[in-house]
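Descriptive analysis of the structure
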Amino acid sequence: MATSVLLACGLNEQKLPGFVHISEESNVDGSFLISCILGQRLRISNAGTLLVCLQHHYQHYFNAGMRLGYNTNIFQGKTLNVIDVLSDMASEGLSCKWLKNPDGLTLTEQLVEDIRAQVESNYANRNSYTILIDNLSILFNLGASKLQVQQFCQDLASLAKERDNLTVITKLSNSDIYQPTDNNVAKLGQVRIQVVRLKSGVFREVDGKLLIERVLDEGSYACEEARKEVLYKVNDRNVKVFTPGEVGVKV
Amino acid sequence: MTSFRKRNVQKPIPGTRTSPHTAQIITSSGNPYLDVVIGGGLPVGSICLIEEDRFMTHAKVLAKYFLAEGVLSKQEIFLGSLDDIPAEMLRRLPRPLTEVEQREEQIASEQTGETGENGLRIAWRYNDLPLVSSEHATAKIGHHFNLMEQMDSRMLYYANTVIWDDSHKDNWIGDGELSKSSSPSISMDQQPMAEAMGEEDSTAVEPEANVEADADGDIKPLDNNATTAATDSTANNTATVTTNTKTGSQPAVWPQNVFHNTRYGGLLNDIQQQLRDESFITGTKKHLCRVCLTSLGSPLWYDDNFGEDLLKFLTLLMASVRNCNSVCLITMPMHLIAKYDASLVPKIRQLVDYAIELESFAGSERETHPAFKEYSGLLHLHKMSALNTLAVHMPETTDLAFKLRRKKFVIERFHLPPELQESPANPQSALAADDIMASPKCGSNVLINSNASASLDF
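Criteria and cut-off values
Residues numbered from 1 in each chain as written. Chains lettered and ligands numbered in written order. Predicted model: local features only at pLDDT ≥ 70, side-chain atom pairs only at ≥ 80, totals over all residues. Heavy atoms only, no water. Core = buried A, V, L, I, M, F, W, Y, C linked by side-chain atoms within 4.5 Å. Buried < 20%, exposed > 50% of the residue type's maximum accessible area, 1.4 Å probe, protein only. Helix = DSSP H or I, 4+ residues; strand = E, 2+ residues; numbered from the N terminus. Contact = heavy atoms within 4.5 Å. Buried area = accessible area lost by both parts, 1.4 Å probe. Salt bridge = Lys/Arg side-chain N within 4 Å of Asp/Glu carboxyl O. Polar contact = N/O pair within 3.5 Å; in protein donor to acceptor, adjacent residues only side chain to side chain. Nonpolar A, V, L, I, M, F, W, Y, C, P; charged D, E, K, R; others polar. Arc of directions from axis to C-beta. Expected span 1.5 Å × (residues − 1). Phe/Tyr/Trp six-rings, centres within 6.5 Å; stacked < 30°, edge-to-face > 60°. Pairing = 2+ DSSP bridges.

**Some points on the nonpolar core**
- Ranked by size, the top nonpolar core spans 82 residues in total, and within it Ile115 of chain A together with Phe313 and Leu317 of chain B carry the most contacts.
- The element best represented in this core is helix 9 (residues 306–322) of chain B, accounting for 10 residues.
- In this structure, Ala59, Leu72, Leu147 and Phe402 of chain B belong to the second largest nonpolar core, which totals 45 residues.

**Structural notes on the interface of chain A and chain B**
- Residue-level contacts link 52 residues of chain A with 48 residues of chain B.
- Among the residues chain A hides against chain B, the three largest losses belong to Asn27, Leu94 and Lys199 of chain A. Together they make up 18% of the total.
- Taken together, the connections running from chain A to chain B amount to 0 salt bridges.
- One can count 10 residue pairs in polar contact (both at pLDDT 80 or more) joining chain A with chain B.
- Elements supplying a minimum of two residues to the side of chain A that touches chain B: helix 2 (31–43), helix 3 (58–68), helix 5 (85–92), helix 7 (137–141) and strand 8 (223–234) of chain A.
- Residues that form the side of chain A that touches chain B fall into these classes: 22 nonpolar, 21 polar and 9 charged.

**Let's talk about the pattern of salt bridges**
All names here are of chain A.
- Counted according to the given criterion, the structure contains 21 salt bridges over all chains.
- Of the charged contacts in the structure, one is a salt bridge between Asp182 and Arg192, with a shortest N-O distance of 2.6 Å. Here the residue Asp182 occupies a position in helix 9 (residues 179–187), and Arg192 occupies one in strand 6 (residues 191–196), the gap between them amounting to 10 residues.
- Among the residues examined, Asp182 registers a relative accessible area of 1% and is labelled buried.
- The shortest N-O distance in the salt bridge between Lys233 and Asp207 comes to 3.5 Å. Here Lys233 is found in strand 8, whereas its partner Asp207 is found in the loop between strand 6 and strand 7 (208–218), with 26 residues between them in sequence.
- Looking at Lys233, the relative accessible area reads 16%, which means it is buried.
- Within this structure, Arg116, Glu120, Glu162 and Arg163 form a network of salt bridges that share partners.

**A word on helix 9 of chain A**
Residues and elements named next belong to chain A.
- Looking at helix 9, one finds that the buried residues are Thr181, Asp182, Val185 and Ala186. Along the axis of helix 9, the buried residues cluster in a sector spanning 130°; they form a single face. The exposed set on the far side of helix 9, more than 90 degrees from its buried face, consists of Pro180 and Lys187.

**So, helix 2 (residues 57–72) of chain B**
Residues and elements named next belong to chain B.
- Counted at 1.5 Å a residue, the expected span for helix 2 with its 16 residues is 22 Å, and the 23 Å between its end C-alpha atoms agrees.
- The buried fraction of helix 2 is high, at 15 of 16 residues.
- Lys74, located one to two residues past helix 2, shows a positive phi value of around 60°.

**So, the packing of aromatic side chains**
- According to the stated counting rule, one finds 15 aromatic pairs over all chains in the structure shown.
- Between Phe140 of chain A and Tyr178 of chain A, the ring centres sit 4.3 Å apart and the planes meet at 15°, which makes this aromatic pair stacked. A residue pair is termed long-range when its members are at least 10 positions apart, and Phe140 of chain A in helix 7 and Tyr178 of chain A in the loop between strand 5 (166–172) and helix 9 qualify at 38 residues.
- Judged by relative accessible area, which is 11%, Phe140 of chain A ranks as buried.
- Using a relative accessible area of 6% as the deciding quantity, one classes Tyr178 of chain A as buried.
- Ring centres of Tyr375 of chain B and Phe414 of chain B lie 5.4 Å apart, and the angle between their planes is 50°; on these two criteria the pair is classed as tilted. With a gap of 39 residues between them, Tyr375 of chain B in the loop between strand 14 (354–360) and strand 15 (377–384) and Phe414 of chain B in the loop between strand 17 (409–413) and helix 12 (427–438) connect regions that are remote in the sequence. Take Tyr375 of chain B and Phe414 of chain B: they sit in the same class, and that class is buried.

**So, the sheet that holds strand 2 (residues 25–27) of chain B**
All names here are of chain B.
- Strand order across the open sheet formed by 3 strands is 1-2-3, with antiparallel pairing between neighbours. Of all strands in the sheet, those with a lone pairing partner are strand 1 (16–18) and strand 3 (42–43), marking the two edges.
- Here 3 bridges tie strand 1 to strand 2, and the two strands are oriented antiparallel to one another. When the bridges of strand 2 are listed, Arg17 appears paired with Ile26.

Okay, here's the thing in structure tokens:
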């Protein structure tokens, strides 16, 4: 269903890089990538996953997962744990803990604490652990500063360095507006995936472009990087990728 | 004992159906043409942003369609606005067409389609094609409305409606205290029938304050001064009505430290109170709530932390709307917001599921342009996001235009006027074609990039 796109991004392996960052341009929807990665992680036996819902509710990932052929409800509470910030804010209203600063903790600090608590309780029982955060730009909307978001990502990156087989995957929308933050967060990791629109407009057979940058070897003086560019099309039940030049006008 | 089991089919929410393409529960936006563009209707839990035209004529019409559909489908309605008078807006909802009228209209439109405006037929084989291809729906939702006439007040009387106009701002109290004063919520349920009928009689024959019909049946906005004067007079007329409908209800709690501008807190608190009702809980499939906010982010909302508050409000609104059986339509003066802070526009669009811009020709050069004479404006689809599904519905074309006719708001595929002669006798029409081809707004207007010619993707 989504194997080809994960293969193109280099995220189809059991062991993932420590930190992966997904950048979305304005008006481009890259949440299909989160659904694809989530499905891949859930299929690996004894691999733990923590989903931090900031842009969509858990229900969205469940429905999208059903389209891709996996049922998140089966895994929830076992290998899948969810921090649903949006649902908390909807059910508790303006008195929700994410909107207040209990004990002087900011939103990002509270989130790091919750993530750490989840990792502490679940990491030991799992072969690998993945933290998916969708999406960082909501933190800006909820009042977090650029510095706080940067600190939040650095805390997560250090969490990934402290433990083997722990991967952090973040997504940032409107990366063209938060360009410096986006670059700084991407520098923390080994893989950066940029979801960009087609410059030439809209095409029925292609939704956009994925630019994948992967650090192969970070030496003392030079950094070896691999870059890849693929076109993608999100269908109802799968995601297809094309190499540039493959799609053309059919006569 | 047999293996036969009675199938428990859950009753659908009134006014909704399941989309055969995305398996989502969708409800009509009120305008059948807009429904076709967005794939049958608005998915439950979605937020649709209508970016207002300069004179706010057309966006308000779409908002009225949205509200009228809610009244007819027996759904609950929350209407909030600072710029408009919500009670007055509700009284001016369009009247639904009866089945006979719908059939007559269909026959009339078919006849018009056959002969064309000037008795011109371009090619017979295009006759059967619809203006915008419609989806084959298993169950029909949505109604047709007549914009020239107003909805019967008895229909409004039985509608569950809550309105918000910030008239309560002095009644907010500190955290933890209970209010003894009236709530911001104004329920139309408790409005006396006779009073509603009386008001309806006085306003039923009034034409729309800010529109006038021209000879062709199309409606065009009046000039600014006239509109303002008309609005002012309406405001004076309805002030007494609004105060009469106020009723006391639950206490309100001051939302501390969340918003700098207290209006956002008040409005959000009211919306959340409304949406927390048991009948809107997801999965129960009992009722649907329609939240309509008009002119959100207009200059009346401005303060020092305008952008920060607006984004926070929209994020929390998104959380609330997605968490229950509700659908939301917001109209925003995006051209003014862009002048305030251009970076707010993509941030706002990120927080909604559908972003539709209405670019009206009124007051612009295009109003008298021969290429655009058939239309009132262009409709730009800026964003359509996949909610509770993987892929988003894409309309057949994104080159769309709208026209506000006397009785209805029509969205059509945008096309150039037919070339009747081999060489353009009128140099103006040649210029028109050039202008359209050069216009960045024409063509593929979804996610269009200004430096499109800079490079190719394939």
